[in-house]
Amino acid sequence: MGNVDTAVEVGRQALMVAFLISAPLLVTGLVVGVIVSILQAATQVQEFTLSFVPKILCMMLALFIFLPWMLTTLAGFTQELFQSLPKLIR
C-alpha cells in the first residue's frame, strides 16, 4: 500500500510543478488575449493576426523573464526526486 501512496504523492508533486512552470505563460496569454479582444470589440476590427501576434510576442517576453525561475523550480524538483529515490524504492 505504501508504494501506491508514494506514487500518488510523486505524481501530485509533478503535476503541481508542471502547473507552476506553465502558469506565467498561460496567465500572460490570457491577459493579453483579453486586452486584445476588448480592443478588437471596441474598434470592430476582427483580424486574426491582430490577436495572435501580440500574444506570441508577450509570451516570448514572459518566457525570457520567467525562464530562470522555471528552470530553478524544475531542477529543484528533479534533484529532490532523485534524492528521494532510495526511499521510494523500499
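Below or above, wherever it landed, is the structure these notes cover. Residues take numbers from 1 onward in each chain, read along the sequence in its written order. Local features in a predicted model are, by the rule used here, given only for residues with pLDDT of at least 70; side-chain atom pairs are given and counted only at 80 or more, and totals for whole chains, interfaces and linings are based on all residues. Hydrogens and water are ignored here; the side-chain numbers use all heavy atoms of the structure.

## A closer look at unusual backbone geometry
Then comes step 1: Even without being a glycine, glutamine 44 presents a positive backbone phi close to 55°.
Then comes step 2: With respect to the helices and strands, the residue glutamine 44 is situated in the loop between helix 1 (2-43) and helix 2 (48-83). For the purposes of this entry, the term helix denotes a DSSP run of H or I that reaches at least four residues, the term strand denotes a run of E that reaches at least two, and both are numbered from the N terminus.

## Overview of the pattern of salt bridges
Then comes step 1: The salt bridge definition used is simple: a Lys or Arg side-chain nitrogen within 4 Å of an Asp or Glu carboxyl oxygen. The full count for this structure, using the stated rule, is one salt bridge.
Then comes step 2: Note that arginine 12 is salt-bridged to glutamate 9, the shortest N-O span being 2.7 Å. Taken as a pair, arginine 12 and glutamate 9 lie in helix 1 at a separation of three residues, close to a single helical turn.
Then comes step 3: The exposure class assigned to glutamate 9 is partly exposed, which follows from its relative accessible area of 34%. Accessible area is worked out with a 1.4 Å probe on protein chains only. A residue is then buried under 20% of its type maximum, exposed over 50%, and partly exposed in between.

## Let's talk about the side chain of threonine 73
Then comes step 1: Checked against the element boundaries, threonine 73 lands in helix 2.
Then comes step 2: On the basis of relative accessible area, threonine 73 is assigned to the buried category, the value being 18%.
Then comes step 3: Any two residues whose heavy atoms approach within 4.5 Å are treated as being in contact. Setting aside chain neighbours within four positions, we find threonine 73 in contact with Val17 and Ile21.

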